[in-house]
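Reading the structure
Next come the chains, spelled out residue by residue.
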Amino acid sequence: MKILGISAHYHDSAAAVVVDGVPVCAVQEERLSRTKNDAGFPINAIEWCLEHAALAPADLDAVVFYERSMLKFERVLTSTLCAFPRSWRSFPHAIKNTLGEKVWVRGIIASQLGVPRSKILFTDHHASHAAAAFLTSPARRAAILTADGVGEWATLTVGTGERRADGRTDITLLREIRFPHSLGMLYSTLTAYLGFKVNEDEYKVMGLAAYGKPTMIDKVQRTIRQQADGSFTLAPEYFEFQTSAARSYSSRFIDLFGPPRDPYEPIDLDSSEGRRYADCAASVQRVVEDILVDIAGRLRRETGLADLCFGGGVALNGVANARILAEAGFDRVFVPSAPGDAGCALGAALYADRIYFHNPDRNVPDHPFWGPAVDASHLARAAREDGQAIEELGEAPLVERVADELAAGRIVGWMDGACEFGPRALGHRSILAAPHDPAMRDRLNRDIKRREEFRPFAPVVPSEVADRYFDLAPGAARLARYMSGVFPVRPEWRERLGAVTHVDGSARVQVLERDMAPRLHALLEAYGRRTGIPVLLNTSFNVAGEPIVTQALEGYMAYRRCGIDVLVGGTTLVNKRATAAAAPHKESGAWSSNSVAASTAG
Ligand SMILES: [Fe+2]
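What this report covers is the structure whose coordinates are included nearby.

What counts, and where the lines are drawn
- Residues numbered from 1 in each chain as written.
- Predicted model: local features only at pLDDT ≥ 70, side-chain atom pairs only at ≥ 80, totals over all residues.
- Heavy atoms only, no water.
- Helix = DSSP H or I, 4+ residues; strand = E, 2+ residues; numbered from the N terminus.
- Contact = heavy atoms within 4.5 Å.
- Polar contact = N/O pair within 3.5 Å; in protein donor to acceptor, adjacent residues only side chain to side chain.
- Buried < 20%, exposed > 50% of the residue type's maximum accessible area, 1.4 Å probe, protein only.
- Pairing = 2+ DSSP bridges.
- Axes fitted to C-alpha atoms, helices over the stretch in contact; angles between N-to-C directions.
- Parallel < 35°, antiparallel > 145°, perpendicular 65-115°, else oblique.
- Donors = N, O, S within 2.8 Å, 3.2 Å for Na, K, Ca; no water.
- Tetrahedral: all angles 85-135°; square planar, octahedral: opposite > 155°, others 65-115°.
- Core = buried A, V, L, I, M, F, W, Y, C linked by side-chain atoms within 4.5 Å.
- Lys, Arg positive; Asp, Glu negative; His and termini not counted.
- Salt bridge = Lys/Arg side-chain N within 4 Å of Asp/Glu carboxyl O.

Side note on the environment of aspartate 307
For aspartate 307, the location among the structural elements is in strand β11 (residues 307-311). Separated by 25 residues in the primary sequence, aspartate 307 and arginine 332 have C-alpha atoms spaced 4.9 Å apart. Once residues within four sequence positions are removed from consideration, aspartate 307 is found in contact with Ala139, Arg141, Ala142, Ala143, Phe330, Arg332 and Phe334. A polar side-chain atom of aspartate 307 sits 2.9 Å from a polar atom in the side chain of arginine 332.

Here's what the structure looks like:
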């Protein structure tokens, strides 16, 4: 059976294809359209998926949309009307969004793909999250927790999943918390209050929280109240997201926490205002963690299950995930590589396969590499036409050569195989660098990422030696497979891992099994032979404000206009230093020599 899953029209649109119960491919629209967080109908992603799977639309048995758009429309309409007349300004915006695209999804899919309307199915938004978390994990039975901003009505669900002995699959969502009561909305409200972009910059709040103290927990608890049964309610007087498209927090919220941050003002952590922002972030972070740990702990006691599968955008919060693992009583916590709405494309397709069509259980390969593969010949051609020196190396010489470059302090753009599904670079589209000196972090922030100093970079370490450098509780390595947990760097290594250790001594480490990304694993070992520490700084291969690179040419363009020293695509290597040495007095291509000089200076 051939099923196409689609998520669209909120943020991070994506498509995925499942054939005979196993994913064949999945990609976010932004990786192809090159518009960050592209929320449009994912026509590029769909076309690529169908082409990659060698399918025509007529071959599909079903097309599954990741939420029930009519229910979502009902929620928008109901909450807007309930808030009238306060909501009258947001009403046209909400109606435009929902009527324009979301409600008529079936018609859009039918006309864009030419598939009969009878083949188009819809799943519940949180069922898609639940399926993406449970059915991509190796767990046979597991408790399921989903949490996000909002889907149709649900914002958090708890339930169970079971792969039965007879091959059938059950996913049962037992209870839900409904809009407007939402951990994701609370976090996004603070994201907006702190001057960051909602649905995009929530992880900046988590990074900032490490610099603050949770001194405002009592204030946060006035805005969100946990009930005796573990559920929670937001106090509506502090929020406006339910009634306003323009602002998510109310003037009461400002009275409580003080003036919001101007997005254009840099955060000065040495000033009292800067510390207040950090304390705000730390306080909301702590309250959200506490509620999640409490809900997960109750779910553990209720189900008696050893494994938890956690999905939804809130599952991107690695600090909360680590606390759930440590405190809720589960042996293992699984977070998929794409827990947010993009991952719902795959979740919806798997849900339809197992639950709607009752197809037999299949193991889903345990890796995140479902996107387009890099074509090294494209890199070689682009570099050659641009007058750059190219080296074609064998597998082992490439690894040794790149380890030499990294040990010499150079920054490497690393493209290997199929790109990741989800927001993290997990070894196939990464910028790699030495993890030792905080100056490297500053150089990456300044020359490539152009981002705030308080945001940490992450390390990657081979699984065999991870525990030597990082304090990994039982189960932590599994959570760290997809960089889904934040764990302490062992104190004796913090100074020598200064570029990847956050201010609180933690790191969002990726623990890499050899079979998941063998070339990167070999590189870590080769780097370890040179420096004594087989750890690298690993950040997503993109420049400020752009999606992660997909194709070789995008990687090459990024390499040429920022401070990356060496670019690797497959076993092809391009090196600014070699080009500069070969033609020291001649500029090549359309770029000025400034970027070459800047990048080789470090
Ligand atoms: Fe969601």
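Some thoughts on the pairing of strand β15 (residues 429-433)
Along any regular strand, the residues point their side chains to alternate faces of the sheet. Most of β15 is tucked away: 5 of the 5 residues are buried. Both faces of β15 are covered, namely the face carrying Arg429, Ile431 and Ala433 and the face carrying Ser430 and Leu432. Bridging between β15 and strand β20 (residues 536-540) involves 4 bridges; their strand directions are antiparallel. Across the sheet, residue leucine 432 finds its bridge partner in β20, namely asparagine 538.

Here we look at the packing of helix α8 (residues 202-209) against helix α11 (residues 272-303)
Packing of α8 against α11 leaves a shortest axis separation of 8 Å and a crossing angle of 105 degrees. As summarised for this structure, α8 and α11 are arranged roughly perpendicular, according to the angle between their axes. Facing Val205, Met206, Leu208 and Ala209 of α8, the residues of α11 in contact are Tyr277, Ala278, Ala281, Ala282 and Gln285.

Digging into the sheet that holds β15
Strands sit in the order β13-β22-β21-β14-β15-β20-β16-β19 across an open sheet of 8 strands; the sheet is mixed. Of all the strands in the sheet, just β13 (390-392) and β19 (510-512) have a single pairing partner and so form its edges. Going from strand to strand, the sheet's axes swing by 25 degrees on average, the running direction of each strand aside. Running at roughly 135 degrees to β15, helix α16 (residues 438-449) makes contact with β15 and β20 of the sheet.

As for the coordination of the iron ion
Every protein donor of the iron ion is listed here as His125 (NE2), His129 (NE2), Asp148 (OD) and Asp341 (OD), and their distances to the metal cover 2.1 to 2.2 Å. For the iron ion, the 4 donor atoms are set out with angles of 90 to 171 degrees between them, so the coordination reads as irregular.

Thoughts on the sheet that holds strand β8 (residues 169-178)
Spatially, β8-β7-β6-β11-β12 is the arrangement adopted by the 5 strands of the open sheet, whose pairing is mixed. In this open sheet, the two strands that pair with only one neighbour each are β8 and β12 (332-334). Shown here is a sheet whose adjacent strand axes are inclined to one another by a mean of 20 degrees, direction ignored. Strand direction decides the pairing type here: strand β6 (residues 141-147) and β11, joined by 4 bridges, are parallel. Looking across to β11, one finds that leucine 145 is bridged to phenylalanine 310.

Observations regarding the nonpolar core
Residues Leu145, Leu194, Phe310 and Phe470 are the most contacted members of the largest nonpolar core, which totals 107 residues. Sort the elements by how many residues they give to this core and α11 lands first, with 14 residues. Membership of the second largest hydrophobic core comes to 60 residues, among which are Ile46, Ile109, Ala142 and Leu350.

Brief notes about unusual backbone geometry
In this structure, the amide linkage connecting phenylalanine 179 to the following residue, proline 180, adopts the cis form with an omega of 5 degrees. Within the element layout of this structure, proline 180 appears in the loop between β8 and α7 (183-193). Positive phi values are uncommon outside glycine, yet arginine 34 reaches one of about 65 degrees. Summarising the element assignment, arginine 34 is placed in the loop between α1 (30-33) and α2 (43-52). In this structure, asparagine 37 takes a positive phi of about 55 degrees despite not being glycine. With respect to the helices, strands and loops of the structure, asparagine 37 is situated in the loop between α1 and α2.

What about the side chain of lysine 576?
Position of lysine 576 among the secondary structure elements: in helix α21 (residues 576-582). Despite being buried, lysine 576 has no salt bridge partner; aspartate 565 is the closest side chain of opposite charge, sitting 6.0 Å away. In this structure the side chain of lysine 576 is engaged in a polar contact, spanning 2.5 Å, whose partner is the backbone oxygen of tyrosine 559. Separated by 2.7 Å, the side chain of lysine 576 and the backbone oxygen of cysteine 562 make a polar contact.

Concerning the pattern of salt bridges
Using the criterion set out here, one finds 38 salt bridges in the structure. Notably, a salt bridge pairs glutamate 554 with arginine 34, separated by 3.5 Å at the nearest N-O pair. Of this pair, glutamate 554 sits in helix α20 (residues 552-561) while arginine 34 is found in the loop between α1 and α2, placing the two residues 520 residues apart along the sequence. By relative accessible area, glutamate 554 is classed as partly exposed at 21%. Residue glutamate 405 is joined to arginine 410 by a salt bridge in which the shortest nitrogen-to-oxygen separation is 2.9 Å. With relative accessibility at 22%, the residue arginine 410 sits in the partly exposed group.

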